[in-house]
Amino acid sequence: MINLRQLVYFTKVAELGSYTRAADELNVAQPLLSRQIRQLEVKLHRHLLIRHGRGVKTTEAGNLLLKHCYTILGQIEALKEDMSLSNGKITGTISLGVPPTLSKLFARDIIKTFCRRLPDANLIVTEGLTSNLQERLQLGRLNIALLHNPSFVAELDYELLINVHLMLITRRDDPLLDDKTSINANDLETIPLIIPSENNTFRQLLDSEMAKRHKKPNIVLEVDSKELILDLVMDGMGHSILLPMVLALGQTNRQLTALPITDPVLPCHLYMATSNKLSPSRLELALIAIIQEVCKKYFPDDYPLKTTKTAC
């Protein structure tokens, strides 16, 4: 019979890709960990993990089991929460994924509010790109994720939080843009741009919209750190295309400004995504309310939007 401990052990090894690291985190001997997972493979008549030079990775059967593990372990957490109803406390652990820009902007407020309102619960915050966060959410490694312009998938629900637009970030005193009040596609072919690499959602949007116009942006540097991009723009190395709220990240925002891009318009839809496989727990509903509250604080003109849960 499969026992819960084996599922916990397997999940940790699969997540970390290493028996050694998993044994350290679980505080168990590595031979015991290996033996338990081998017993699990025997019971299921499947190889679950494959060793490689840097550790281990899951097989196709291992990926399938991992999805079930997240569901089972999530149900155990829900059971613990239900058992705590008698004392009125909200307990348990919940994980939230946020994109880098939002992480710097208001993840701090989300965490502080969570700790103040839910002292008996635990919050894990993960930073990552939209595609990575959505994948982790699908696998059950996250409970909630904030996503920029996601590709909709059937097993997730999406709630539109805000709709802002990417703008050109530049020095206020840049002579190249001295008489400009807005930017168009022709400008983007000549203005030197410092923008994130191709796996970034904003970059993909820019490339797609420019390609529709048979134009190519003048990219001189690819940098994934928003803070470093702002420093380089400040140093006169070029301009960038980002959300205007990034100006709040550094100490140089008084010397930088954001110009509207009117052609192509580059909308940035921020969604809150959750799994629709299980009913949300009290803890998940509490965190959703906190996220909505913080969103309203930072984007009073854009929130609340008229939104509904969207399953595709």
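Residues numbered from 1 in each chain as written. Predicted model: local features only at pLDDT ≥ 70, side-chain atom pairs only at ≥ 80, totals over all residues. Heavy atoms only, no water.

Looking at an unreviewed UniProt entry, one finds the protein named HTH lysR-type domain-containing protein, with Chelonobacter oris as its source organism. Recorded in UniProt under Sequence similarities (unreviewed entry), the annotation for the protein is "Belongs to the LysR transcriptional regulatory family." (UniProt positions renumbered as here; feature names shortened; annotations may be inferred.)

**Q** Any details on the overall build of the protein? Residues and values, ideally.
**A** Along its length, the protein carries 10 helices and 14 strands. The dimensions of the protein, computed from C-alpha atoms along their principal axes, are 75 × 50 × 35 Å. Sequence separation of 24 or more characterises 74% of the internal contacts of the protein that already satisfy a separation of 6 or more. Accessible surface for the protein amounts to roughly 16200 Å². Of this, 51% is attributable to carbon and sulfur atoms. (Helix = DSSP H or I, 4+ residues; strand = E, 2+ residues; numbered from the N terminus. Contact = heavy atoms within 4.5 Å. Areas by Shrake-Rupley, 256 points an atom, 1.4 Å probe, with all protein chains shown as cover.)

**Q** I'd love a proper account of the environment of Leu-142, names of residues and values included.
**A** Mapped onto the elements, Leu-142 comes out in the loop between helix H6 (130–139) and strand E5 (144–148). Here the alpha-carbon distance between Leu-142 and Ala-273, two residues 131 residues apart in the chain, equals 10.0 Å. Contact partners of Leu-142, with chain neighbours within four places excluded, come to Ser-95, Leu-96, Gly-97, Thr-126, Leu-133, Arg-136 and Leu-137.

**Q** Mind laying out the sheet that holds strand E7 (residues 167–171), listing which residues take part and the relevant values?
**A** One open sheet accounts for four strands, arranged E8-E12-E7-E11; its pairing is mixed. Strands at the two margins of the open sheet, each flanked by one partner only, are strand E8 (183–184) and strand E11 (240–242). Sheet topology places E8 next to strand E12 (residues 256–263); two bridges connect them, and they run parallel. Residue pairing across strands places Asn-184 opposite Asp-263, the latter belonging to E12. Taken strand by strand, helix H9 (residues 226–234) contacts E7, E11 and E12, and its axis lies near 50° from that of E7. (Pairing = 2+ DSSP bridges. Axes fitted to C-alpha atoms, helices over the stretch in contact; angles between N-to-C directions.)

**Q** Please give an account of the domain arrangement of the protein that cites residues and values.
**A** When the domains of the protein are assigned, the result is domain 1 (4–67), domain 2 (88–161 + 269–298) and domain 3 (165–267). Summarising the inter-unit geometry, the C-alpha centres of domain 1 and domain 2 are found 27 Å apart. (Domains from an automatic or database assignment.)

**Q** Could you give me a rundown of the pattern of salt bridges, with the residues and numbers involved?
**A** Applying the stated criterion across every chain, the model contains 13 salt bridges. As a salt-bridge pair, Asp-109 and Lys-297 come within 2.6 Å of each other at their nearest N and O atoms. You can see Asp-109 sitting in helix H5 (residues 100–117) and its partner Lys-297 sitting in helix H10 (residues 282–298), a full 188 residues away along the chain. For Asp-109, a relative accessible area of 15% corresponds to the buried category. We classify Lys-297 as exposed; its relative accessible area is 55%. Taking the shortest distance from any N to any O, the salt bridge between Glu-189 and Lys-215 comes out at 3.6 Å. (Salt bridge = Lys/Arg side-chain N within 4 Å of Asp/Glu carboxyl O. Buried < 20%, exposed > 50% of the residue type's maximum accessible area, 1.4 Å probe, protein only.)

**Q** Outline the pairing of strand E2 (residues 55–58), listing residues and values.
**A** Note: strand E1 (residues 49–52) against E2, four bridges, orientation antiparallel. Note on E2: the bridge partner recorded for Leu-49 is Thr-58. Once E1 ends, the chain turns through two residues before running back antiparallel as E2.

**Q** Give a detailed account of the packing of H5 against H10, specifying residues and quantitative values.
**A** Each pair of packed helices gets described by two things: the angle between the helix axes and the distance between those axes. The contact between H5 and H10 brings their axes to 10 Å, and the two run at 135°. Here H10 runs oblique to H5, going by the angle between their axes. Classified by chirality, the crossing of H10 by H5 is right-handed. Counting all contacts with H5, which are made through Leu-105, Phe-106, Asp-109, Ile-110, Thr-113, Phe-114 and Arg-117, the residues of H10 involved are Leu-283, Leu-287, Ile-290, Ile-291, Glu-293, Val-294, Cys-295, Lys-297 and Tyr-298. Grouping the constituent residues of the contact of H5 with H10 by class yields 11 nonpolar, one polar and four charged. (Parallel < 35°, antiparallel > 145°, perpendicular 65-115°, else oblique. Left-handed = near helix turned anticlockwise from the far one by under 90°. Nonpolar A, V, L, I, M, F, W, Y, C, P; charged D, E, K, R; others polar.)

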